[in-house]
Amino acid sequence: MKKISRRGFNRLLGASGAAVATGLAMPAIVNAASARVVVIGGGFGGATAARYLKRFDKTINVTLVEPSTKFVTCPFSNTVIGGLKPISYITHGFDGLEAMGINVVHDLAVNVDAAKKQVKLAQGQVLSFDRCIVSPGIDFKWGAVKGATQEIINDIPHAWKAGPQTLLLRKQLEAMPDGGVFIISPPVNPFRCPPGPGERVSLVANYFRTHKPKSKIIVLDPKKKFSKQGLFKAGWERLYPGMVEYRNVDDDGVVREVLAGKKTLVTDFGEVKGDVINFIPPQKAGAIADQSGLSDGTGWCPVDQQAFESTLQKGVHVIGDASIAAPMPKSGFSASTQAKVCAAAIAEMLGGEKPGTPKFVNTCYSLVAPDYGISVAMVYGFENGKIVKVKGSGGLTPSDANDYHLKQEALYADGWYRSISTDIWG
Amino acid sequence: MKLRIPIVAGVLLASAFGIGPATAEMAPGAVLANTCYSCHGTEGKSLGAMPTIHGKPAEYLSTTLKAFRDGQRPSTVMQRITKGFNDAEIDALAAYLGQKSK
């Protein structure tokens with residue numbers, strides 16, 4: 001049996017050490033009381049971090065910077081694209097954060113200056129910080145695939161940042177005639193929400209089955225395999241037989257060029273024409289990362305994986321999709337669990353402590369149909385300076401799970417969404 | 001082994017001034033338990049099909065989690081998750097949740 005984590009053990013010890021220590025710790029407390037933390041990004045990572053910083057220590061002055069007054073989540077956006085939920089279901093405001101005493105500033109952060117400990121906003125405002133948390137999500141590598149530029153997204157939506165793009169893809173699918181072809185092309189690794197494309201295929205197939213049964217879905221995947229592949233493919237065969245054609249890297253699945261005007265994707269050996277095309281470009285950390293020297297040659301942000309402090313810019317922490325936290329996937333759940341660990345570490349560091357040994361959980365639910373859910377889960381520890389999978393934990397929904405199990409997981413998918421979104425935005 | 005002096009001292013100091021920062025949220029097991037909230041709701045008050053774990057005694061939570069882990073109680077995802085935690089960690093997070101519920 002392993003020992004209890006240092007974090008928990010220290011907390012147990014700390015209580016008994018309190019009386020002795022009272023007189024000694026004044027400077028650290030004064031420092032903590034006036035500490036300012038600026039959080040950039042109001043999504044799964046940023047909003048969680050802001051809220052949990054306040055939970056851990058309400059004397060910390062927390063400012064959240066987010067351009068939008070409403071945040072639309074990528075998780076569960078496939079239910080909107082598949083016609084199961086309205087966009088209001090996945091749209092969240094920031095009143096819950098403000099009610100906790102968090103300053104919410106609706107502006108775009110354009111630069112983090114680690115040396116000056118300042119964040120510059122697009123409107124000219126400058127925010128000073130003792131520590132900064134950057135959670136900008138992803139940006140796209142426009143032009144990395146020929147023709148896949150920002151200019152085409154009103155015709156060929158990516159719908160990989162939720163909001164107007166989600167509604168546009170839904171509208172195009174609604175307008176598509178029965179017998180039409182929907183093409184989806186996921187990006188190379190690493191990218192946000194690895195099981196997302198499989199779920200999107202599933203929920204569009206579910207919509208076609210009930211509304212446009214003669215239609216087809218073609219997946220052009222530049223990778224060898226995809227997340228939960230066995231479970232998704234079994235579900236497609238069972239629920240949507242003959243509807244989904246999946247082509248991977250070995251089957252001419254790599255898209256070399258997007259011809260937006262001709263609604264065509266060009267591969268090595270041919271052209272595939274669709275009525276609706278969802279091309280999801282390759283990805284990197286959100287723009288602020290490049291603008292602030294937080295990203296490396298990979299386009300993502302290296303961090304210490306314990307407190308998520310950048311290894312390139314001291315005092316600045318990067319969490320969520322933008323950070324390099326493999327083997328954790330780039331998921332909303334990961335971002336939120338990282339945010340809690342990062343917030344605890346910052347509360348500790350501001351109090352003059354070293355951050356404790358972290359532990360993380362990720363669970364990604366996907367819907368294959370409204371009453372057919374699957375999941376992948378994993379618990380992560382921290383060893384030799386790195387996040388590692390805890391041996392024996394985690395794994396997929398069993399391939400022989402019965403209908404009751406699959407239905408339960410579909411209910412849990414929705415339960416997860418409602419609980420985590422309320423945990424984050426209130 | 002280092003003591004968690006400043007934060008605990010902060011509780012005493014703050015209570016003397018009557019402000020009380022939320023350092024109870026950094027009690028033993030708290031950061032582990034916070035992960036539960038992603039599915040079981042803040043403070044364990046579930047908004048969906050997952051059971052509410054708020055208001056459950058520590059001993060019940062600890063026994064149940066270990067039963068999931070050891071396969072004595074059927075589950076969809078809980079066995080996969082509890083296999084990542086040892087007895088001490090389960091006891092710590094159960095103690096935190098149990099004490100919060102009082």
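On a predicted model such as this, the values are computed, not experimentally measured, just so you know. (Residues numbered from 1 in each chain as written. Chains lettered and ligands numbered in written order. Predicted model: local features only at pLDDT ≥ 70, side-chain atom pairs only at ≥ 80, totals over all residues. Heavy atoms only, no water.)

### Considerations on the nonpolar core
Residue and element names in this part refer to chain A. Val119 and Ile217 are the most contacted members of the largest nonpolar core, which totals 138 residues. Counting residues per element, this core draws most heavily on helix α10 (residues 332-350), at 10 residues. If sequence neighbours within four positions are ignored, isoleucine 217 has contacts with Phe182, Ile184, Val201, Val204, Ala205, Phe208, Met243, Val244 and Glu245. Core analysis: the next-biggest nonpolar cluster, separate from the first, contains 15 residues, Val145, Ala148, Leu220 and Val272 among them. (Core = buried A, V, L, I, M, F, W, Y, C linked by side-chain atoms within 4.5 Å. Buried < 20%, exposed > 50% of the residue type's maximum accessible area, 1.4 Å probe, protein only. Helix = DSSP H or I, 4+ residues; strand = E, 2+ residues; numbered from the N terminus. Contact = heavy atoms within 4.5 Å.)

### Looking at the packing of helix α7 (residues 196-211) of chain A against helix α8 (residues 229-239) of chain A
All names here are of chain A. Two elements in contact, α7 and α8, have axes whose closest approach is 11 Å; the angle formed by their N-to-C orientations is 5 degrees. The pairing of α7 with α8 is recorded here as roughly parallel in orientation. Two secondary-structure elements touch here, α7 through Gly198, Glu199, Val201, Ser202 and Arg209 and α8 through Phe232, Trp236 and Leu239. Its residues placed into classes, the contact of α7 with α8 shows four nonpolar, two polar and two charged. (Axes fitted to C-alpha atoms, helices over the stretch in contact; angles between N-to-C directions. Parallel < 35°, antiparallel > 145°, perpendicular 65-115°, else oblique. Nonpolar A, V, L, I, M, F, W, Y, C, P; charged D, E, K, R; others polar.)

### Quick word on the sheet that holds strand β16 (residues 271-273) of chain A
Across a sheet, strands are paired by hydrogen bonds formed along the backbone, either parallel or antiparallel in direction. Residue and element names in this part refer to chain A. Strand order in the open sheet made by the three strands is β14-β15-β16, with antiparallel pairing throughout. With partners counted over all chains shown, the strands left at the sheet margins are β14 (255-259) and β16, one partner each. Sheet twist, expressed as the average angle between the axes of neighbouring strands with direction ignored, equals 20 degrees. For strand β15 (residues 264-267) and β16, the ladder comprises three bridges, and the chain directions are antiparallel. Each bridged residue has a counterpart across the sheet, and for valine 266 the counterpart in β16 is glutamate 271. (Pairing = 2+ DSSP bridges.)

### Details of the pattern of salt bridges
On inspection of all chains with the given rule, the structure shows 26 salt bridges over all chains. With a shortest N-O distance of 3.3 Å, glutamate 409 of chain A and arginine 80 of chain B are connected by a salt bridge. Residue glutamate 409 of chain A is found in helix α11 (residues 403-425), and its partner arginine 80 of chain B is found in helix α5 (residues 78-82); the two belong to separate chains. Taken individually, glutamate 409 of chain A and arginine 80 of chain B each receive the classification buried, so the pair is uniform in this respect. For the salt bridge of glutamate 43 of chain B with lysine 100 of chain B, the shortest nitrogen-to-oxygen distance reads 3.4 Å. With glutamate 43 of chain B in the loop between α3 (37-40) and α4 (58-69) and lysine 100 of chain B in helix α6 (residues 87-100), the pair connects residues that are 57 residues apart, well separated along the chain. (Salt bridge = Lys/Arg side-chain N within 4 Å of Asp/Glu carboxyl O.)

### Regarding the side chain of histidine 92 of chain A
Residues and elements named next belong to chain A. You can see histidine 92 is positioned in strand β4 (residues 91-92). Within the local environment of histidine 92, its side chain forms a polar contact with the side chain of tyrosine 417, the two groups lying 2.8 Å apart. With near-sequence residues (within four places) excluded, histidine 92 lies in contact with Thr69, Lys70, Phe71, Thr73, Tyr417, Ser421 and Trp425. (Polar contact = N/O pair within 3.5 Å; in protein donor to acceptor, adjacent residues only side chain to side chain.)

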